[in-house]
Amino acid sequence: MGRPRRRVRVVVALVGAAAQLGACSPPPPDLPATIGCTYQYRPDAGASAGERSGTVEVLGTTGPATAPAVTELPDFRMEVVYVAAGPEGASVRIAVDDPAGEPLHHVLYQVDAGADLSSTSHGFTGLHYVSSGPAELQYFCVADG
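These numbers come from a predicted model, not from an experiment.

## Let's talk about the nonpolar core
Thinking step 1. Residues M78, V92, I94, L137 and Y139 are the most contacted members of the largest nonpolar core, which totals 27 residues.
Thinking step 2. Elements supplying a minimum of two residues to this core: β1 (34-42), β2 (52-59), β5 (77-85), β6 (90-97), β7 (103-111) and β9 (135-143).
Thinking step 3. Non-local contacts of I94, meaning those with residues more than four positions away in its chain, are made with M78, E79, V80, H105, H106, V107, Y109, T125, Y139 and C141.

## What about the state of the cysteines?
Thinking step 1. On inspection of all chains with the given rule, the structure shows one disulfide.
Thinking step 2. There is a disulfide in this structure between C37 and C141, and the S-S distance comes to 2.0 Å. Since a negative S-S torsion denotes a left-handed disulfide, the C37-C141 link at about 105 degrees is right-handed. Remark: C141 occurs in strand β9 and C37 occurs in strand β1; sequence separation between them is 104 residues.
Thinking step 3. What makes C141 buried here is its relative accessible area of 0%.

## Points about the environment of F140
Thinking step 1. Looking at where F140 falls in the secondary structure, it is placed in strand β9.
Thinking step 2. Considering only alpha carbons, one finds F140 and H128, 12 residues apart in sequence, at a separation of 6.4 Å.
Thinking step 3. Excluding residues within four positions of it along the chain, F140 makes contact with G36, C37, T38, S121, H122, G123, T125, G126 and L127.

## Re the pattern of salt bridges
Note on pairing: side chains with opposite charge can pair once their charged atoms come close.
Thinking step 1. Here the structure, examined in full by the defined rule, presents four salt bridges.
Thinking step 2. Taking the shortest distance from any N to any O, the salt bridge between E79 and R77 comes out at 2.2 Å.
Thinking step 3. Classification of R77 as partly exposed rests on a relative accessible area of 26%.
Thinking step 4. R93 is paired through a salt bridge with E79; the nearest N and O atoms lie 3.9 Å apart. In this pair, R93 is assigned in strand β6 and E79 in strand β5, connecting sequence segments 14 residues apart.
Thinking step 5. A residue is classified by how much of its surface remains accessible, and R93, at 33% relative accessible area, is partly exposed.
Thinking step 6. The structure contains a network of salt bridges with shared partners spanning E72, R77, E79 and R93.

About the criteria used
Residues numbered from 1 in each chain as written. Predicted model: local features only at pLDDT ≥ 70, side-chain atom pairs only at ≥ 80, totals over all residues. Heavy atoms only, no water. Core = buried A, V, L, I, M, F, W, Y, C linked by side-chain atoms within 4.5 Å. Buried < 20%, exposed > 50% of the residue type's maximum accessible area, 1.4 Å probe, protein only. Helix = DSSP H or I, 4+ residues; strand = E, 2+ residues; numbered from the N terminus. Contact = heavy atoms within 4.5 Å. Disulfide = S-S within 2.5 Å. Salt bridge = Lys/Arg side-chain N within 4 Å of Asp/Glu carboxyl O.

Rendered as structure tokens:
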């Protein structure tokens with residue numbers, strides 16, 4: 001009975017070490033090194049007062065232990081993760097929650113090697129609108145290079 005436990009510990013340790021090493025590796029050469037997600041926030045969707053805009057740059061990494069790029073706004077919290085190579089392939093995950101952490105919008109884009117991630121003016125994601133009360137967040141993501 002002692003042997004199976006030891007094997008499980010070794011496997012868990014190896015998986016953990018591989019995940020940590022993978023998170024430091026650059027993306028495969030046929031995928032962009034970074035993506036940029038451009039956003040525009042309005043506290044009141046019908047008015048421009050108080051609006052904010054910006055771009056979140058996300059470095060592509062490998063492995064499942066990738067930390068998200070986080071944008072905090074008064075009515076929204078947006079997380080973007082770009083895994084250029086992982087157990088399930090390349091992907092971009094975008095999660096928008098309200099300030100209390102309640103999910104408003106979550107989406108996963110699975111990316112094929114060699115895919116054109118800047119194929120339209122609103123990138124590979126298209127233009128998204130997320131609402132919370134009167135507030136509105138718009139965003140789209142494109143490959144940076």
